[in-house]
Amino acid sequence: LPEKKNTKFFTTIHMRSKDLSEKKLEILRQFDGVISLSSAEKNNLELLGVKAHFIPHGFNKPSYKKVECAGFDDSRINIFYSGTNYRDFDMFLKTVEYCKSCKKNIHFYAVGQSAENKLKLAGYENVTVCKRLDDDEYYSLLNSCDYNFLPLTFATANNALLESQAFGKISILPDIDGIQDYADHNNNLLYKNFESLAKILDSVRKESTCSDLMLFAQKFSWNEIYKRLKDVYRSGV
């Protein structure tokens, strides 16, 4: 860091604290404050001698032009699955296998998958592996689906969850640290293991937009987050 003089220095961290080297931790200890996007990670950083603050990531509901989703069958229960970062892909595959046998009216849309994942999903009739989607196609598909499925091994801010809540889409989520900071527990569906996830899948039905989720999502608007950041920056600690 430059010589501080009268300037306070802050930084934001997205990574897991357990993945940080001692050299990186030593750098973080020199900052006047480190913004963590997870309350659990904030506590972990403090145990490592870092002056940490938890402030959630912000998200503003995007605008998009609705387009038709080719081959989309609205008579099925359609579930949106996106991304690869910290995703529990093994859990997703297990879920696909379960629904293939036990919940044949559920269909998954897999978005933003790696070439390796696409190969593993090939041949499943209950999964549509999407090509690269532009914003209009992505948001149109998300809003056409009944649920957002987000199996994770670790979580802080996750745009897939923030997006789904902003659009009033119910998410199926693991009950882990990080998710608890961002998810509406009253309207999303949380599981602790595959057995509890299977019970959720057995009970899902066609869903419409949830206005309570959209209201909950407003607390993560950037205007609200900026207010919290300003309070921390002004305090200087």
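These numbers were taken from a predicted model, which means no experiment stands behind them.

Caption draft 1: Structural view of the overall build of the chain. The helix and strand inventory of the chain stands at 10 helices and nine strands. Dimensions of the chain, computed from the C-alpha atoms along their principal axes, are close to 65 × 35 × 30 Å. Split into buried and exposed, the 237 residues of the chain put 49% on the buried side. Total accessible area computed for the chain in this model is approximately 12,500 Å², and 48% of it derives from carbon and sulfur atoms. Taken as two groups, the 33 positive and 31 negative side-chain charges of the chain have centres that lie 3 Å from each other.

Caption draft 2: The side chain of D146, seen in detail. Mapping D146 onto the fold places it in the loop between α5 (135–144) and β7 (147–149). At a separation of 3.0 Å, a polar atom in the side chain of D146 contacts the side chain of K206. Contact partners of D146, with chain neighbours within four places excluded, come to R76, I77, N78, K169, I170, K206 and E207.

Caption draft 3: Examining the sheet that holds strand β4 (residues 77–82) more closely. Across the sheet, which stays open at both edges, the six strands sit in the order β6-β5-β4-β7-β8-β9 with parallel pairing between neighbours. Only two strands of the sheet have a single neighbouring strand rather than two, namely β6 (127–129) and β9 (189–191). With direction set aside, neighbouring strand axes in the sheet form an average angle of 25°. Two strands pair when backbone bridges link them, and strand β5 (residues 106–111) and β6 are joined in this way by three bridges, in the parallel orientation.

Cut-off values and rules
Residues numbered from 1 in each chain as written. Predicted model: local features only at pLDDT ≥ 70, side-chain atom pairs only at ≥ 80, totals over all residues. Heavy atoms only, no water. Helix = DSSP H or I, 4+ residues; strand = E, 2+ residues; numbered from the N terminus. Buried < 20%, exposed > 50% of the residue type's maximum accessible area, 1.4 Å probe, protein only. Areas by Shrake-Rupley, 256 points an atom, 1.4 Å probe, with all protein chains shown as cover. Lys, Arg positive; Asp, Glu negative; His and termini not counted. Charge placed at Lys NZ, Arg CZ, Asp CG, Glu CD. Polar contact = N/O pair within 3.5 Å; in protein donor to acceptor, adjacent residues only side chain to side chain. Contact = heavy atoms within 4.5 Å. Pairing = 2+ DSSP bridges. Axes fitted to C-alpha atoms, helices over the stretch in contact; angles between N-to-C directions.

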